[in-house]
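Coordinate analysis (summary)
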Amino acid sequence: MLLNWKVAEAPSGPERREPDTHARPLFDAIARVVAIGWLIAVVMAHAGPAGAAVQIIDENGDGLGNVLMLPYDVAANLDGSKTYVTGNQSNTVFEIPVLGPPILILDASGDSGVNTLAGPYGVAVGDDGRVYVSGLESNNVFRVDTNGAVTQIIDTTGDNQGNPLLGPRGVAVDAQNNVYVVGGESHNVFKIDPFGAITQIIDSTGDRTTNPDGTYKTRLIQPVDIAIDAIGRVFITGHGSKNVFRIDPNSTITEILDESGDGTNSLDGPWGLAFDEATGQLFVSGYDSDNIFRVEPDGTVTEILDAAGAGPSRLLDGPREISVDNAGDLVITGSISHNVISLQTSGALVAVEILNITGDGTNDLFTPWGIATDATGDIYVTGLNSYNAFRFASVSAAPALDPSAIALLAGALATAGSAILRKARDY
């Protein structure tokens, strides 16, 4: 319960009275208890229990008539205090605070002007808290500011230089607040700088190398996902062209992975991307080949997970989105196997199924699709066909409340409570 204290202004004129300083210590003591209570609530909300899944939104959306249907993507801010989920079929986007119900932040009305939103797909959140959403069917991208203001930052005209944006899917934002959007049907990627300037950084010609007959050798067809590293390199999956490109800050384009995979295990239908800043490794999911590849900084490619997944009855089928958690482990959605697998990528490769079709034991998880992680180690997953999303408290990163920490909080609460009793007697 929120307590809103209001301090009335002292009346002017001959009836002016001195403020009641006797009551102020009581108010201060109550405020301390409230603050400690909120601290405990926030800690416990993130704490877990470790390894537990909790449904954070379902088909009812915000419970106010704004529903959630076909949630494709999910994003979380750095500390995990807010999560964002797109409802593709419901034309809704929700903010889900760690404490409190979901909040509708964007719907079909778009910016409430002439720019509407249809089929929201990708979502990303910047370090400044601004949220970016791609409209798969409306061929545009919206920015939602922290004050709720909505602005369309790119539409179907793309860069207005004859390069359109069609079927936008993945969207990402870097530390400099440059926004990147993948045109899945226009076979290109755009960069929108903080001032609104739009540049096409790759198109269907891929790295622009040619065959002897003049045709393009390495094409980009149906790009889906995008990842950006700390030095500004951009990575893109070509789902239809069965490859992955890297775009350097100097605009050099290089194909770093193709359908040959690692030379022994092929890559088919690449979908998700994740970059590990700590190691410089890039991870790629092969949706149609049911596997995961790792690309080292020196270009070495290795298949690190295949259809066997985490073992019998814990297979990997149709991997979509992937993410790296704060422990450096890779988390993967199996959209056809209806599960989420965590893969330890340092040292010996160890795969563990952390979520399956049973969801949290009460609410099912069907067709897991989008996945995101935050700095606390929590994992967020959307259930495309179960119309919901889950938060999974990471086993490796969930905060442990040891006895000394509990005693400290309990002692602080007891001290503040005793102060209230004393002040109440004095009052």
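Here's what I pulled together on the structure shown here.

**Regarding the overall build of the protein chain**
In terms of regular secondary structure, the protein chain is built from two helices and 28 strands. In the protein chain, buried positions account for 49% of the 427 residues. Here the contacts in the protein chain between residues at least 6 apart in sequence split such that 47% fall between residues at least 24 apart. Total accessible area on the protein chain stands at roughly 19,500 Å², and carbon and sulfur atoms take up 52% of it.

**Some words on the sheet that holds strand 15 (residues 234-238)**
Read from one edge to the other, the open sheet built from four strands follows the order 14-15-16-17, with strand pairing classed as antiparallel. Of all the strands in the sheet, the pair left with one neighbour each is strand 14 (223-228) and strand 17 (253-257). Taken pair by pair, the neighbouring strands of this sheet meet at an average axis angle of 25 degrees, ignoring direction. Inspection of the sheet shows strand 15 paired to strand 16 (residues 243-247) by five bridges, in the antiparallel sense.

**Some words on the packing of aromatic side chains**
Under the definition given, this model contains five aromatic pairs. Look at W271 and W369: their rings are 5.8 Å apart centre to centre, the planes differ by 85 degrees, and that puts the pair in the edge-to-face class. Placement of W271 in strand 18 (residues 270-276) and of W369 in strand 26 (residues 368-373) is noted, with a sequence separation of 98 residues between them. In this structure W271 comes out as buried when scored by relative accessible area, which is 6%. In textbook terms, an aromatic cluster arises when at least three aromatic residues are bridged by ring pairs, as seen for Y72, Y121, W271, Y287 and W369. Just above the ring of W271 sits the side chain of R320; from NZ or CZ to the centre is 4.2 Å. Between the NZ or CZ atom of R320 and the centre of the ring of Y287, over which it lies, the distance is 3.7 Å.

**What to know about the pattern of salt bridges**
On inspection of all chains with the given rule, the structure shows nine salt bridges. Here D145 ties to R130 by a salt bridge, and the two come within 3.8 Å at their closest N and O atoms. Highlighted residues: D145 in the loop between strand 8 (140-144) and strand 9 (150-154) and R130 in the loop between strand 6 (120-125) and strand 7 (131-135), separated in sequence by 15 residues. On the basis of relative accessibility, which here comes to 17%, the residue D145 falls in the buried class. Relative accessible area serves as the criterion here: at 23%, R130 is assigned to the partly exposed category.

**Some details on the environment of D378**
Within the element layout of this structure, D378 appears in the loop between strand 26 and strand 27 (379-383). For the pair D378 and F392, spaced 14 residues apart in the sequence, the C-alpha separation amounts to 5.7 Å.

**Focus: the pairing of strand 13 (residues 198-202)**
Relative to strand 13, strand 12 (residues 188-192) is paired through four bridges, and the arrangement is antiparallel. By the bridge assignment for strand 13, V189 is matched with I202. Counted along the chain from strand 12 to the antiparallel partner strand 13, the turn is five residues long, and its residue G196 has a positive phi close to 95 degrees.

**Let's talk about the nonpolar core**
Generally speaking, a soluble globular protein has its nonpolar side chains buried in company with each other. Counting 14 residues, the largest nonpolar core has V189, I201, I202, I226, V234, I236 and I247 as the members making the most contacts within it. Of all the secondary structure elements, the ones that give two or more residues to this core are strand 11 (179-183), strand 13, strand 14, strand 15 and strand 16. Not counting residues within four places of it along the chain, the set of residues in contact with I226 comprises G170, V171, A172, Y180, V182, V189, V234, F235, I236 and L273. Residues V244, L282, F293 and V301 belong to the second largest nonpolar core, which totals 13 residues.

**Considering the sheet that holds strand 13**
Strand pairing within a sheet occurs via backbone hydrogen bonds; the two strands may be parallel or antiparallel. Pairing is antiparallel across the open sheet formed by four strands, whose spatial order is 10-11-12-13. Pairing within the sheet leaves two strands with one partner each, and these edge strands are strand 10 (168-173) and strand 13. Strand-to-strand twist across the sheet, computed as the mean angle between neighbouring axes with direction ignored, equals 25 degrees. Bridge count for strand 11 against strand 12 is five bridges, and the pairing is antiparallel. In the strand pairing of strand 12, V179 is matched with I192.

**Some thoughts on the environment of T215**
For T215, the position within the fold is in the loop between strand 13 and strand 14. Sequence-distant contacts of T215, defined by excluding residues within four places in its chain, comprise T209 and T210.

**Some thoughts on unusual backbone geometry**
In this model, N91 sits at a positive phi of 55 degrees, which is unusual for a non-glycine residue. Tracing the chain through its elements places N91 in the loop between strand 3 (82-87) and strand 4 (92-97). Located in the positive-phi region is T367, a residue other than glycine, with phi close to 55 degrees. Mapping T367 onto the fold places it in the loop between strand 25 (350-355) and strand 26.

**Description of the side chain of Q55**
Along the chain, Q55 turns up in strand 1 (residues 53-57). For Q55, the side chain forms a polar contact with the side chain of N388, separated by 3.0 Å. Apart from residues lying up to four places away in sequence, Q55 is in contact with D360, N363, N388, A389 and F390.

Each value, and the rule that gives it
Residues numbered from 1 in each chain as written. Predicted model: local features only at pLDDT ≥ 70, side-chain atom pairs only at ≥ 80, totals over all residues. Heavy atoms only, no water. Helix = DSSP H or I, 4+ residues; strand = E, 2+ residues; numbered from the N terminus. Buried < 20%, exposed > 50% of the residue type's maximum accessible area, 1.4 Å probe, protein only. Contact = heavy atoms within 4.5 Å. Areas by Shrake-Rupley, 256 points an atom, 1.4 Å probe, with all protein chains shown as cover. Pairing = 2+ DSSP bridges. Axes fitted to C-alpha atoms, helices over the stretch in contact; angles between N-to-C directions. Phe/Tyr/Trp six-rings, centres within 6.5 Å; stacked < 30°, edge-to-face > 60°. Lys NZ or Arg CZ within 6 Å of the ring centre and 35° of its normal. Salt bridge = Lys/Arg side-chain N within 4 Å of Asp/Glu carboxyl O. Core = buried A, V, L, I, M, F, W, Y, C linked by side-chain atoms within 4.5 Å. Polar contact = N/O pair within 3.5 Å; in protein donor to acceptor, adjacent residues only side chain to side chain.

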